[in-house]
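The lines below spell out each chain.
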Amino acid sequence: MKRPALHSLTRSALVLLAALAMVPAARARAQDDASPHKRAPDGKKVLTLADYPEWKRITGAAISNDGKWTTYTYAPNAGDDTLFVKQLDGATLYRVPTGSAAGGGRGRGGFGGGGGGGAQFTDDSHWVAYFVNPPAPAPAPGARGRGRNGGGTQPQRHLELRNLASGDTWDVTGASAFQFSPDSRFLAIKMRGTPGDSSHQGTDLLLRRLDDGLTRNVGNVDQYAFDYTGGRLAYTVDAADNLGNGVYLMDLGSGTVRTLDAHSEEYDGLAWRDSSADLVALRGETASGQELRANTLLVWTGVEGAKSPLVWDPTQDATFPAGYVLSEYSAPQWSRDGARVFVGIKRQQEAPPKGGAEIANVDVWHHADVDLQSAQMIQIGRLRRATLASSFTLASHHFAQLADSNMSTVTPAGDGAYVVGRDPSPYDHDFSEGAPDRADYYRVNSATGQRTLIARHLLRTMGTSPDGRWFLYLLGGHVMAYDLQAGRTVNVDAATGRSFVNTDDDHAAEKPIWGVAGWTRDGKAVLLYDKYDIWELPLDGSRGRDLTAGAGAAQDVQFRLARLGGGGRGGRGGFGGGSAEPVDLSQPQVLSAYGEWTKKSGYWQMPAGGGQPVALIWADKDIGGAEKAEDADRVIFTQQTFQEFPDYWVSDASFASPRKITDANPQLAEYAWGRRVLIDYKNSKGQRLQGTLTLPADYQPGRKYPMLVYIYEILSNTNHQFSMPVYDDRPHMSEYASDGYLVFSPDIVYEIGKPGSSALDCVTAGVKKVISLGYADPAHIGLQGHSWGGYESSFILTQTNMFAAVVTGAPLTDLISMYGELYKQSGQWNGGILETSQGRMGADVTPWNATQLYMSQSPVFNVRKIQTPFMILQGTADGAVDWDQGLEFYNAARKNGKDVIWLSYPDEPHHLARKPNQIDFQIRMKEFFDHYLKGAPAPDWMKYGVPQVDKQAATRKLDTSLGSDGGGS
């Protein structure tokens, strides 16, 4: 519909239309308040945006070591979180309003933090501690605050310690972090410092004995850490004017304190060696006119005695590089065997002069730069703290520099006798693959720094074995293991005659392997995944074996090792990386399982030594997130479908007789919700694909429904994903299905060089299949995608009239200009993304050697073919897809007379962050699709737009309509 000329409307009419256009949320809410809730034919409520506030997510779920308690938090879309501590075998339930699922953070330098995972149980499962965040006071009438919940000054959070048996609590206001001792006898609480006082880092440390509540206050503590037994606490003092600075050791049994070292200098890097009484710290000061602190290393090989520490002063070591300092920016790390300490060194710099004349501000972008200036700007904090890894061997007092400017990354292996160094410098300016991140790898002797080449030009590496002997990498499509002790390389898959490369990966870079499951406990084999099964491959190069006996391939079920113990989570995934803990194949192993075509999931058990796995829990659901109690035969896990919220369940470790333990959204039963079915189809190349089709709540076979198509890449794996109503910038299947829509998400696979054409082929093939099955009304189908899905939806818009309306969010629209722009979140160049990553144009396929190809795959160059009304969403501060991409598309469409609306949200990132804007977009998107797919009247903003001159007044009305929560994000 063409809008009337502006001169045909009076100014007053324009103002009225603008005001109406900018308050859709108020209009929708007022209509909802003034009339009964819209009902589906079965009498249930139709889900609307006004219902979103009551929906809650579950966060921070954990189980105690004895398996008798669990904690979790309900986090609603609007309002405060509630923490629950629940007894699993009884009726006790502790409800903590505003209890936090967020952790207490870690102390400076990474030591003595605790509380990082939200609520924390003691190891003996007798106590739990957590933070409580009091709600901010309501703002005064008419005031617009910036605090949580829309205004007021946020009260200080407090720590709450609870006795699980009695329910008694103890509160501490002003705590910043906490940590239980490993023996469950003490709680250490780090207090906040005085606001605005940066003269010293030390604050009060409260040490509470849990059995009798006796609490001790230790002043000016900076870093602190319990030893592995929990019987000793080491801490550093950083006081005003450096009075009393030092390293101290408290015997927690007797309460006595010993001074391990005292000096007027500053201390940092406090660290125990695992399972030992060895301790290390740094001590130093910043000289006048210098930028960096010069440190000495303090090492206690056993703190039981009263002996002085080993002191290594780099300024007295002739082998230490001139002009460098031992830096606290890298905390010292013990080698596993205690033979050496890994440290970081950094070049000293002169302190910048104070005051003086104003100097120029210029960034010099030079062709010799390894990293773009834009990337350096974003990384400046890390770059300023970057150090070069080095080692200090205790027995010989020998220093060795392990890293340098070319090989800045080294990774210790096993006991630390060797490290693996990565040198990307030979490929710093090799752009033949976009930005593939290739490097040469070296074995580096930790004691001497001597380097031995492992392999050149590697892209895919998979880390080292737990014993530190083997380094795993991919070369020429084969998995190679380098023996760090013997200096030899073994091809571990050649004798087996099987490839472990993920050939399903359709990116243009070298394909990765399916993943590392782990390493055997005897150190003789590595465990690798193929697409479906788990293989044991001997490190001597002999023939491997299929541990799951081909059961995965036979049933199209992907088996993956599930690490359930020690607080690990056994969800699907684990594709690559392995684990530091070796796998004991003499014991049965729990596997996560996923049916590629059925979408069933669950947990199976592989017998000791390998063999046919047996299903423990296996259902047409998404089952995952399993966590086993450390000391009990009990697990918690989630299961969900489109119709079932992912509440938590508890069972024994065999998943027998599971019992539901949470009920976050009981109101689900009140709403018309819909259900999902899988759609099988093929694209034009005959490739087998699937899509997940959400049926409306009132679905009647034979009736044709309006359909919204939501796309990205592979989405059929979301078939059992619950559609949580949340504020964001994408359509929620639950709301659309509740209101009589079909929602279809088809899979997309790619041909290199034709990302847009591939999406067009797969999406239209899937839609045609849905139409042929009699579900969809072919005249009323809409399309939506965001980011890469925004690119795909924008391209499809230019190629077909299949869709009656399209909404495209944060879209790539001009691949040529996009190629030369920056990914502003990282400061990196987009060329690599378009060539070998998500763009899939092809390695060294550029706008200069393949101009026509880039134009053919760019929506903006095909804009004249558009015959469908469409709407663009983009934030002006988008750090992933530049705002100019939306601008180009809008201007091109407008110039060519296309029916286009651009919703540009000032200062918003790649995904809308402010709740008022999220709500605004959700309403506009729904009104847009309702008009074109269901024949609803077009709102005025769609017909006439909104004059900029009236925007502020209308925005104030919208903000008022949202209430006090409207100012949050």
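Thoughts on the packing of helix H7 (residues 755-772) against helix H8 (residues 788-797)
Between H7 and H8, whose axes approach to 9 Å, the crossing angle comes to 75 degrees. As summarised for this structure, H7 and H8 are arranged roughly perpendicular, according to the angle between their axes. Side by side, H7 and H8 meet where Pro755, Gly756, Ser757, Ala759, Leu760 and Val763 of the first sit next to Trp788, Tyr791, Glu792, Phe795 and Ile796 of the second. Per-class residue counts for the contact of H7 with H8 are 8 nonpolar, 2 polar and 1 charged.

Thoughts on the packing of aromatic side chains
This model, assessed by the stated rule, comprises 40 aromatic pairs. A centroid spacing of 5.4 Å and a plane angle of 85 degrees characterise the contact between Phe645 and Phe722, whose relative ring orientation is edge-to-face. With Phe645 in the loop between strand S43 (635-640) and strand S44 (648-651) and Phe722 in the loop between strand S49 (705-711) and helix H6 (733-738), this pair connects stretches of sequence that are 77 residues apart. In this pair, the class of Phe645 matches that of Phe722, namely buried. Plain terms: the ring middles of Tyr699 and Tyr775 are 5.7 Å apart, the flat faces sit at 40 degrees to each other, and that makes the pair tilted. Here Tyr699 is found in the loop between strand S48 (688-695) and S49, whereas its partner Tyr775 is found in the loop between H7 and strand S51 (776-786), with 76 residues between them in sequence.

What to know about the sheet that holds strand S41 (residues 614-619)
Spatially, S38-S39-S40-S41 is the arrangement adopted by the 4 strands of the open sheet, whose pairing is antiparallel. The strands lining the two open edges of the sheet, one partner per strand, are strand S38 (557-561) and S41. This sheet shows a mean twist of 25 degrees between the axes of neighbouring strands, independent of strand direction.

Some words on the side chain of Lys190
With respect to the helices, strands and loops of the structure, Lys190 is situated in strand S11 (residues 186-191). Buried charge without a salt bridge: Lys190, with Asp222 as the nearest opposite-charge side chain at an N-O distance of 5.0 Å. Looking at Lys190, its side chain comes within polar contact range of the main-chain oxygen of Val221, at 3.0 Å.

Observations regarding the pattern of salt bridges
A full pass over the atoms with the stated rule returns 42 salt bridges. Between Arg451 and Asp404 there is a salt bridge whose closest N-O contact spans 3.0 Å. A residue pair is termed long-range when its members are at least 10 positions apart, and Arg451 in strand S29 (residues 451-458) and Asp404 in the loop between strand S25 (398-401) and strand S26 (409-413) qualify at 47 residues. Connected through shared salt-bridge partners, Lys38, Asp739, Lys926, Asp930 and Lys934 make up one network.

A few points about H8
Because the α-helix completes a turn every 3.6 residues, residues three or four places apart line up on one side. Along H8, 10 of the 10 residues are buried, which leaves the element largely enclosed by surrounding structure. When H8 is considered as a whole, its buried residues turn out to be Trp788, Gly789, Gly790, Tyr791, Glu792, Ser793, Ser794, Phe795, Ile796 and Leu797.

With respect to unusual backbone geometry
Unlike most non-glycine residues, His397 shows phi in positive territory, near 55 degrees. Summarising the element assignment, His397 is placed in the loop between strand S24 (388-393) and S25. Relative accessible area serves as the criterion here: at 44%, His397 is assigned to the partly exposed category.

Considerations on the confidence of the model for the chain
Averaged over every residue, the pLDDT of the chain is 90; residues scoring 70 or more account for 89%. Here residues 1-35 is modelled with pLDDT under 50, and outside its nearest four sequence neighbours on either side it reaches 47 contacts, counting other chains as well. Long-range and interchain partners of residues 960-969, a stretch whose pLDDT sits below 50, account for 22 contacts in this model, where long-range means more than four residues apart.

Definitions and limits used
- Residues numbered from 1 in each chain as written.
- Predicted model: local features only at pLDDT ≥ 70, side-chain atom pairs only at ≥ 80, totals over all residues.
- Heavy atoms only, no water.
- Axes fitted to C-alpha atoms, helices over the stretch in contact; angles between N-to-C directions.
- Helix = DSSP H or I, 4+ residues; strand = E, 2+ residues; numbered from the N terminus.
- Parallel < 35°, antiparallel > 145°, perpendicular 65-115°, else oblique.
- Contact = heavy atoms within 4.5 Å.
- Nonpolar A, V, L, I, M, F, W, Y, C, P; charged D, E, K, R; others polar.
- Phe/Tyr/Trp six-rings, centres within 6.5 Å; stacked < 30°, edge-to-face > 60°.
- Buried < 20%, exposed > 50% of the residue type's maximum accessible area, 1.4 Å probe, protein only.
- Pairing = 2+ DSSP bridges.
- Lys, Arg positive; Asp, Glu negative; His and termini not counted.
- Salt bridge = Lys/Arg side-chain N within 4 Å of Asp/Glu carboxyl O.
- Polar contact = N/O pair within 3.5 Å; in protein donor to acceptor, adjacent residues only side chain to side chain.
- pLDDT = per-residue confidence, 0-100.

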